[in-house]
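# Observations on chain architecture
Here is how the chains run, residue by residue.
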Amino acid sequence: METANQSTPPIIQVENLSKTYGNGKAVDDLSFQVRQGEIFGFLGPNGAGKTTTLSILEGLRQADGGRVSILGMDIASKTQAIKQCIGVQLQSTSLLPDLTVFEQVQLFARLYGFQPSAAEIMALLEKVGLTGKAKAFPDKLSGGQQQRLALALALVNQPEIIFLDEPTTGLDPQSRRALWEIIRGLRDQGKTIVLTTHYMEEAETLCDRVGIIDHGRLVALDTPGALINGLAGVASITTTADVPLSDVQALPTITHAQRDGTHLLLQTADVVAALRSILDLAERYRANLNDLHIKQPNLEDVFLNLTGRTIRS
Ligand SMILES: Nc1ncnc2c1ncn2[C@@H]1O[C@H](COP(=O)(O)OP(=O)(O)O)[C@@H](O)[C@H]1O
Ligand SMILES: [Mg+2]
């Protein structure tokens, strides 16, 4: 399987993109490129500016500053031409309650000026695993099926670039994995996919490259592996030890400490010294230690290391 590499030309170029709403900067001087044939993900917490960024690229909102070029065309002057080449799945797609799955696809295709045959519509439904639901109305679809229909609607104009805003939010793990498979299939056919997510695991396993976004700013951009390798020397420790957070934060061996439910999440550059000082602390407070482990760093740790917060908090 081919994945995008350094030599693949950029299909999207974004320079110094900014957008301010009444309540402040939603997108703050973003610059990045998306390469043809990659799954590019924006990972960030709620309110980070993911939807705003995506909707500017989709031509649905206007930036205050910066430049966006898609397939070599400027978004500001070639909005209509660009819309013909992209597929868009919004964060919440409203499906029409009175149309069957088949009819929704047919209607969307007509809106783009296509007159697809029944066989072509069924072929599209096949791509998203919905042939068995062609005659069903939207309220008879599961959450995962609704998201797959929304994806099919984003594909009616055979776009080169597909934008997906939180495609798997709220889905159970099995439905999420089914969507990942479909998205990978699209990438393997040469499509470029730009998606947003606040799921660390989704960014890590699905995306070829990940841009980590926080408060409208891009804080890191690389392959998931490179982002995690960038934490070389940083180890994560989790423990249920019931000791005061402020005491843990005061330990010189701990670079980050925060509470996550019943657990403490800790980062350190020196595992042995950190474990020793945590054990000392637990002893001093006579705290139970039913769980204490060192874990492999993941993108959550990358985010924590860059921003001092977890994605969920
Ligand atoms: N239409 C809007 N009007 C005013 N503020 C908005 C609007 N859309 C988003 N925002 C604000 O901009 C920031 C980024 O929002 P958004 O792009 O939706 O983030 P995300 O998709 O990462 O959750 C948030 O602070 C949000 O409240
Ligand atoms: Mg959003």
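Nothing here was measured: the structure is a model prediction, and the numbers come from that model. (Residues numbered from 1 in each chain as written. Chains lettered and ligands numbered in written order. Predicted model: local features only at pLDDT ≥ 70, side-chain atom pairs only at ≥ 80, totals over all residues. Heavy atoms only, no water.)

Take the sheet that holds strand 3 (residues 39-43) next. What holds strands together in a sheet is hydrogen bonding between their backbones, with the strands either parallel or antiparallel. With respect to topology, six strands assemble into an open sheet ordered 6-7-8-3-9-10, the strand pairing being mixed. Each edge of the open sheet carries a strand with a single partner, namely strand 6 (86-89) and strand 10 (217-222). Each adjacent strand pair in this sheet contributes to an overall mean axis angle of 15°, direction not counted. Sheet topology note: the strand 6/strand 7 (residues 161-165) ladder contains four bridges and is parallel. Its bridge partner being in strand 7, isoleucine 86 is matched across the sheet by isoleucine 161. (Pairing = 2+ DSSP bridges. Helix = DSSP H or I, 4+ residues; strand = E, 2+ residues; numbered from the N terminus. Axes fitted to C-alpha atoms, helices over the stretch in contact; angles between N-to-C directions.)

Close contacts around ligand 1 come from Tyr21, Asn23, Ala26, Pro45, Asn46, Gly47, Ala48, Gly49, Lys50, Thr51, Thr52 and Arg61, and that covers them all. Here an oxygen atom of ligand 1 sits 2.8 Å away from a polar atom, N or O, in the side chain of lysine 50. Against a free-state accessible area of 560 Å², the protein chains account for coverage of 62% of ligand 1. Tallied by class, the residues present in the shell around ligand 1 amount to four nonpolar, six polar and two charged. (Near = heavy atom within 4 Å. Polar contact = N/O pair within 3.5 Å; in protein donor to acceptor, adjacent residues only side chain to side chain. Areas by Shrake-Rupley, 256 points an atom, 1.4 Å probe, with all protein chains shown as cover. Nonpolar A, V, L, I, M, F, W, Y, C, P; charged D, E, K, R; others polar.)

Attention now moves to helix 11 (residues 299-307). Within helix 11, seven of the nine residues are buried, which leaves the element mostly enclosed by the surrounding structure. Among the residues of helix 11, Leu299, Glu300, Asp301, Val302, Phe303, Leu304 and Thr307 are the ones counted as buried. Of the residues flanking the start of helix 11, the one acting as N-cap is asparagine 298, its side-chain oxygen 2.9 Å from the backbone nitrogen of glutamate 300. Following helix 11 by one or two positions, glycine 308 adopts a phi angle in the positive range, close to 80°. (Buried < 20%, exposed > 50% of the residue type's maximum accessible area, 1.4 Å probe, protein only.)

Two measures describe an aromatic ring pair: the distance that separates the ring centres and the angle between the ring planes. The full count for this structure, using the stated rule, is three aromatic pairs. Ring centres 5.3 Å apart and planes at 80° place the aromatic pair phenylalanine 40 and phenylalanine 42 in the edge-to-face group. Each member of the pair phenylalanine 40 and phenylalanine 42 is classed as buried. Each residue in the set Phe32, Phe40 and Phe42 is aromatic and connected to the rest through ring pairs, giving one cluster. (Phe/Tyr/Trp six-rings, centres within 6.5 Å; stacked < 30°, edge-to-face > 60°.)

By the element assignment, leucine 265 lies in strand 13 (residues 263-268). Take leucine 265: its relative accessible area is 13%, and that puts it in the buried class. Distance from leucine 265 to glutamine 145, taken between C-alpha atoms, is 36 Å for residues 120 residues apart in sequence. Excluding anything up to four places from it in sequence, leucine 265 contacts Ile237, Thr238, His256, Ala257, Gln258, Asp260 and Thr310. (Contact = heavy atoms within 4.5 Å.)

Further remarks concern the side chain of serine 236. Tracing the sequence through the fold places serine 236 in strand 11 (residues 235-239). On the accessibility criterion, serine 236 (2% relative accessible area) is buried. Among the polar contacts made by the side chain of serine 236, one reaches the side chain of aspartate 301 at a distance of 2.7 Å. Once you skip the residues sitting within four places of it in the chain, serine 236 turns out to touch Leu266, Gln267, His293, Ile294, Lys295 and Asp301.

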